[in-house]
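As a plain string of letters, each chain reads:
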2 protein chains.
Amino acid sequence: MKAVCLHFLDRLSWIGTVVVVVAKENHDLMLNIVQKFDHTKVNVVHGGTTRHRSIFNGLQAFCNTSNSLTPKPKVVVIHDAVRPFVEEDLLLKITLAAKEQGASGAIRPLVSTVIATTSEGYLDHSLERAKYRASEMPQGFLYDVIFQAYQRCSELDFEFGSECLHLALQYCGVNAKLIEGPPTLWKVTYKRDLAAAEAIIKETLSMSACIIAGAEAEATELAKTLQKNLNMMETDVIPCAKESNAEYLSKTRNFIHLSMTGSNFLGVLEMVKHFEDTDHARLYPVVIVWVQLNMAKQSVDSQKTDELTAFRSLASEVIQGNILLYGIQIEHTKVPEQWERSVERLTQITVALIRDRNAALTGQLLHV
Amino acid sequence: MKAVCLHFLDRLSWIGTVVVVVAKENHDLMLNIVQKFDHTKVNVVHGGTTRHRSIFNGLQAFCNTSNSLTPKPKVVVIHDAVRPFVEEDLLLKITLAAKEQGASGAIRPLVSTVIATTSEGYLDHSLERAKYRASEMPQGFLYDVIFQAYQRCSELDFEFGSECLHLALQYCGVNAKLIEGPPTLWKVTYKRDLAAAEAIIKETLSMSACIIAGAEAEATELAKTLQKNLNMMETDVIPCAKESNAEYLSKTRNFIHLSMTGSNFLGVLEMVKHFEDTDHARLYPVVIVWVQLNMAKQSVDSQKTDELTAFRSLASEVIQGNILLYGIQIEHTKVPEQWERSVERLTQITVALIRDRNAALTGQLLHV
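What you see is a predicted model, and the numbers here were worked out from it, not measured in a lab. Each chain carries its own residue numbering, running from 1 in the written order of its sequence. All chains are assigned letters beginning with A, and all ligands numbers beginning with 1, in the order in which they are written. Local features in a predicted model are, by the rule used here, given only for residues with pLDDT of at least 70; side-chain atom pairs are given and counted only at 80 or more, and totals for whole chains, interfaces and linings are based on all residues. Values shown for side chains rest on all heavy atoms present in the structure; no hydrogens or waters enter the calculation.

### Concerning the overall build of chain A
Move 1: Counting from the N terminus, the helices are DSSP H or I runs at least four residues long and the strands are E runs at least two residues long. For chain A, the helix and strand inventory stands at 14 helices and 14 strands.
Move 2: Partitioning the intrachain contacts of chain A with sequence separation of at least 6 by distance along the chain shows that 74% fall at a separation of at least 24.
Move 3: Only carbon and sulfur atoms are counted for the fraction: they give 52% of the accessible area of chain A, which is about 17300 Å².
Move 4: When charges are tallied, Lys and Arg are placed among the positive residues and Asp and Glu among the negative ones, while His and the ends of the chain are skipped. Think of each charge as sitting on NZ of Lys, CZ of Arg, CG of Asp or CD of Glu. One finds the centroid of the 37 positive side-chain charges in chain A at a distance of 3 Å from the centroid of its 42 negative side-chain charges. Only heavy atoms matter for contacts: two residues are in contact if any of them lie within 4.5 Å across the pair. Every accessible area reported is derived by Shrake-Rupley at a probe size of 1.4 Å, with residue values counting cover from the shown protein chains alone.

Below, the structure is given as structure tokens:
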């Protein structure tokens, strides 16, 4: 989650410095992530024993002249790493509102009715849902407002409090501007939320694909049909994966490489090499589906065993570099309905491989 | 969601009648589900234009003498179909508390701070999180309490209210007993929640497997190693899928059928027949992983093409009946480390197939 979140924040040019607050025991792990992904404007500081102490530690990093941070900023945005799907649009609104009003925060409608309980565990009263909101993150502040609030607040606040907007109101008299965020802002809290987050990431990664068609007429024809069938994805068809197509290759993380049986998988090898050189699979896995179009009938038997072995060993090698390589064999037929069914099935399998990104199935040669 | 929830409620012997409230346009769809799954104690009634009107319609079904419902019950439990993972233990607690106190409801701790907003969209104040809870479902009531509450409440309540506990308090003076439920009670609300629900269902379905080992020594040996490797699942090893093993076969929805190459897949066929006869795959898909253990070396070539064709056509046939059939070939080797690696890989692929339950990959013969 932290890596996904950081990657996003690091890309935004209007953000000057990112301070990551982590528990002492995760400090090295975090430094490794920062280094691995070349996050140049990220600073890692230790958390405290409570949420407010951790946030205050983060804010104090700007006063600490011994580190390399830029001077204290005008506006600071506080965010939870467990909300990895924050969008630039909302971040910008929060930042501008904080600059104007002194404080701002993201809100969401309440999903459940909120009720007050008696100390014996009975219903005391229920709140009118329309008047209340769930307070989410990110929240933005003029640096001086939130810093002062922390300087003025009590030990009790530090120990049991959790809401920065409350501190800004109570200790600096600033009523935060509230901005409704999208549902994806939710806090990844329970195990089920991890499954939901994984599904969102996989869906985002599966939104586009690049089809490499080669030069042969039959493959080009197949590429066109495949492109039509893959209408839920944005697809490009290009003739080859040479470096001149670097732009297409960097646009997506899913590749469907068509070739005729008998031709070797040199094209796949070139592509793998390109991704290794450009580090394209660093944060998210790249999927390559190698589709072999079979014109002759007795294809399975004529499949060269050593080529198959080479394909499998390539797959088990490149998975180390986050590249997932799968194979599909499709038999060509001149019977139109049969061919249509085959291509439909090829589409389904391709979509399943791209969506699932299942590491256990790399190196498999599937059949249509 | 409704089907999952209904299936669960229908199994509980201490629940006399289940009334499902659905929108008019979904009435026939719901009746089909009730019929398909033989839900004998389920009654379907039309919903109203708001939540409260729908619930009241459901309650009134008990007063309607023209239908076949049992006389009005002492206690009624109200639940949302979009919370399909409710557990019997909680339902029972809610029911007993309702019988004793007049009303009861499930609660959860608040995930986010709740704040009151001004009409201009600014923070008014934030609530102290510890004093409040999210009100969830199920909720239980003495039938007379909730029925009376609905008879006494105003048009405004019917139109804009949403909380039954509030009505019981306001119109009958009953303070509901609150009972903390597990996180799985959450309301499937957003698209991401569907992914989370799917993950929970898939995880539940993957908790056990039955390995059918056959009679040959090598297969029995492999079955034992596989059982050891599959330590995240509860597994049984049985020699064959004959009817005498019906008990084992009904305990799980995942089957790993081992056979030696050359032996046909008669065992798989028998198993499929058994599941079709017993309707075992009606609600959730059954996964059969057919593992072929290959003793000779040149296996791929010696694989009988017609057997493979028969396997694929069987797979595409049984998928109509919710049975997902996959094949894996594993080459036997006498080199211990190599064999260990192969069985490890077999385990990974098997687990992936069982967990993912991917319909697009049925009929594929994978290789280790």
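### What to know about the interface of chain B and chain A
Move 1: Listed per partner, the contact involves 64 residues of chain B and 64 residues of chain A.
Move 2: We define buried area as the total accessible area lost by two parts upon association, computed with a 1.4 Å probe and summed across both. Contact between chain B and chain A buries roughly 5500 Å² in total, counting both sides, with carbon and sulfur atoms accounting for 53%.
Move 3: Definition used for salt bridges: Asp or Glu carboxyl oxygen within 4 Å of a side-chain nitrogen of Lys or Arg. Counting across the chain B and chain A interface gives 2 salt bridges.
Move 4: Between K191(A) and E203(B) there is a salt bridge; the shortest N-O distance is 2.9 Å.
Move 5: Polar contacts here mean pairs of N or O atoms no more than 3.5 Å apart (in protein, one a potential hydrogen donor and the other a potential acceptor; neighbouring residues in sequence count only if both atoms are side-chain atoms). Seen at the junction of chain B and chain A, the total is 34 residue pairs in polar contact (both at pLDDT 80 or more).
Move 6: By residue number, the principal contributor to the side of chain B that touches chain A is helix α8 (residues 191-205) of chain B, which donates 7 residues.
Move 7: For the side of chain B that touches chain A, a count of residues per class yields 27 nonpolar, 19 polar and 18 charged.
Move 8: Should DSSP find at least two bridges between two strands, the strands are taken to pair. Inspection of the sheet shows strand β5 (residues 113-117) of chain A paired to strand β7 (residues 132-142) of chain B by 4 bridges, in the antiparallel sense. In the sheet register, A116(A) faces β7(B), and the bridge partner there is Y132(B). We call Asp, Glu, Lys and Arg charged. Ala, Val, Leu, Ile, Met, Phe, Trp, Tyr, Cys and Pro are nonpolar, and the rest, Gly among them, are polar.

### Describing the pairing of β7(B)
The side chains of a regular strand alternate, residue by residue, between the two faces of the sheet.
Residue and element names in this part refer to chain B.
Move 1: Judged by how many residues are buried, β7 sits mostly within the fold: 9 of 11 residues are covered.
Move 2: As paired strands, strand β3 (residues 75-78) and β7 are joined by 4 bridges and run antiparallel to one another. Counterpart to V75 in the pairing with β7 is L142.
Move 3: Pairing geometry for strand β4 (residues 103-108) and β7, over 5 bridges, is antiparallel. To sort residues, take the accessible area from a 1.4 Å probe on protein chains only and compare it with the maximum for the residue type: under 20% means buried, over 50% means exposed, and anything in between is partly exposed.

### Description of the sheet that holds strand β9 (residues 208-212) of chain B
All names here are of chain B.
Move 1: Within the open sheet, the 6 strands sit side by side as β10-β9-β11-β12-β13-β14. Their pairing is parallel. Of all strands in the sheet, those with a lone pairing partner are β10 (234-238) and β14 (365-367), marking the two edges. This sheet shows a mean twist of 20° between the axes of neighbouring strands, independent of strand direction.
Move 2: As paired strands, strand β13 (residues 323-331) and β14 are joined by 3 bridges and run parallel to one another. By the bridge assignment for β14, I328 is matched with L366.
Move 3: Every axis in this analysis is a line fitted to C-alpha atoms, fitted for helices over the stretch in contact. Angles between the N-to-C directions lie between 0 and 180 degrees. The strands touched by helix α9 (residues 217-229) within the sheet are β9, β10, β11 (254-260), β12 (286-294) and β13, with β11 carrying the most contacts at an inclination of about 150°.

### So, the relation of the copies chain B and chain A
Move 1: Our superposition of the copies is a least-squares fit, built on the C-alpha atoms of residues whose pLDDT is at least 70 in both. Its rotation angle being 180°, the transformation that places chain B on chain A also includes 0.0 Å of axial translation and leaves an RMSD of 0.0 Å. Between the two chains, the operation in question is that of a two-fold axis. Minimal C-alpha distance to the rotation axis in chain B is attained by A196(B), lying at 2.4 Å.
Move 2: When the interface residues of chain B are mapped onto chain A, 100% of them are again interface residues, pointing to one common binding face.

### Comments concerning the packing of helix α5 (residues 143-152) of chain A against helix α7 (residues 164-172) of chain A
All names here are of chain A.
Move 1: At a minimum axis separation of 9 Å, α5 and α7 run at an interaxial angle of 80°. By the angle between their axes, α5 is roughly perpendicular relative to α7. Contact residues: α5 offers V145, I146, Q148, A149, Y150 and R152, while α7 offers C164, L167, A168, Y171 and C172.
Move 2: Among the residues forming the contact of α5 with α7, the class breakdown is 9 nonpolar, 1 polar and 1 charged. Here the word oblique covers every angle except those under 35 degrees (roughly parallel), over 145 (roughly antiparallel) and from 65 to 115 (roughly perpendicular).

### Digging into empty space enclosed by the protein
Move 1: We place a 1 Å grid over just the protein atoms. Points where a 1.4 Å probe fits but has no way out form a cavity, open points with protein on both sides within 12 Å along at least 5 of 7 lines form a pocket, and any residue with an atom within 4 Å of a point lines it. Grid points are joined across faces, edges and corners, and a volume is the space filled by probe spheres set on the points. Throughout the structure, instances matching the rule amount to 4 cavities of 30 Å³ or more.
Move 2: At the level of secondary structure, the elements contributing two or more residues to the lining of the largest cavity comprise β7 (132-142) and α8 (191-205) of chain A together with β7 and α8 of chain B.
Move 3: Residue classes in the lining of the largest cavity are distributed as 16 nonpolar, 4 polar and 11 charged.
Move 4: By volume, the second largest cavity amounts to about 60 Å³.
Move 5: Lining of the second largest cavity is provided by Y326(A), L353(A), L361(A), Q364(A), L366(A), Y326(B), L353(B), L361(B), Q364(B) and L366(B).
Move 6: Taken together, the residues of the lining of the second largest cavity sort by class into 8 nonpolar, 2 polar and no charged.

### Comments concerning the confidence of the model for chain A
Move 1: pLDDT expresses how confident the predictor is about each individual residue, on a scale running from 0 to 100. Mean pLDDT over chain A works out to 91, with 96% of the residues at or above the 70 mark.
Move 2: Our summary of model confidence lists the complex with pTM equal to 0.89 and ipTM equal to 0.87.

### Re the sheet that holds strand β13 (residues 323-331) of chain A
Residue and element names in this part refer to chain A.
Move 1: With respect to topology, 6 strands assemble into an open sheet ordered β10-β9-β11-β12-β13-β14, the strand pairing being parallel. The open sheet has two edge strands, β10 (234-238) and β14 (365-367), and neither has a second partner. Neighbour-to-neighbour, the strand axes of the sheet open up by a mean angle of 20°, direction not taken into account.

### Let's talk about helix α7 (residues 164-172) of chain B
All names here are of chain B.
Move 1: For α7, every residue scored as buried is listed here: C164, L165, L167, A168 and Y171. For α7, the buried positions fall inside an angular range of 160° around the axis, keeping them on one side.
Move 2: Where α7 begins, the capping side chain belongs to E163, and its oxygen is found 3.3 Å from the backbone nitrogen of L165.
Move 3: G173, located one to two residues past α7, shows a positive phi value of around 65°. Directions pointing from the helix axis toward each C-beta atom define the arc.

### Describing the packing of helix α3 (residues 51-60) of chain A against α5(A)
All names here are of chain A.
Move 1: Where α3 meets α5, the axes come as close as 11 Å, and the angle between the chain directions of the two elements is 130°. It follows that α3 is oblique to α5 by the angle criterion. Handedness of the α3/α5 crossing: left-handed. Residues H52, I55, F56, L59 and Q60 of α3 form the contact with α5, whose own contacting residues are Y143, I146, F147, Y150 and Q151.
Move 2: Looking at the contact of α3 with α5 residue by residue, the class counts come to 7 nonpolar, 3 polar and no charged. By definition, any crossing whose near helix is turned counterclockwise from its far helix by less than a right angle is left-handed, and any crossing with a clockwise turn is right-handed.

### Remarks on unusual backbone geometry
Move 1: That bond from M137(A) to P138(A) is cis: its omega, 5°, falls within 30 degrees of zero.
Move 2: Mapping P138(A) onto the fold places it in strand β7.
Move 3: A positive phi angle, close to 60°, is found at D279(B), a residue other than glycine.
Move 4: Locating D279(B) in the fold gives a position in the loop between α11 (266-278) and β12.

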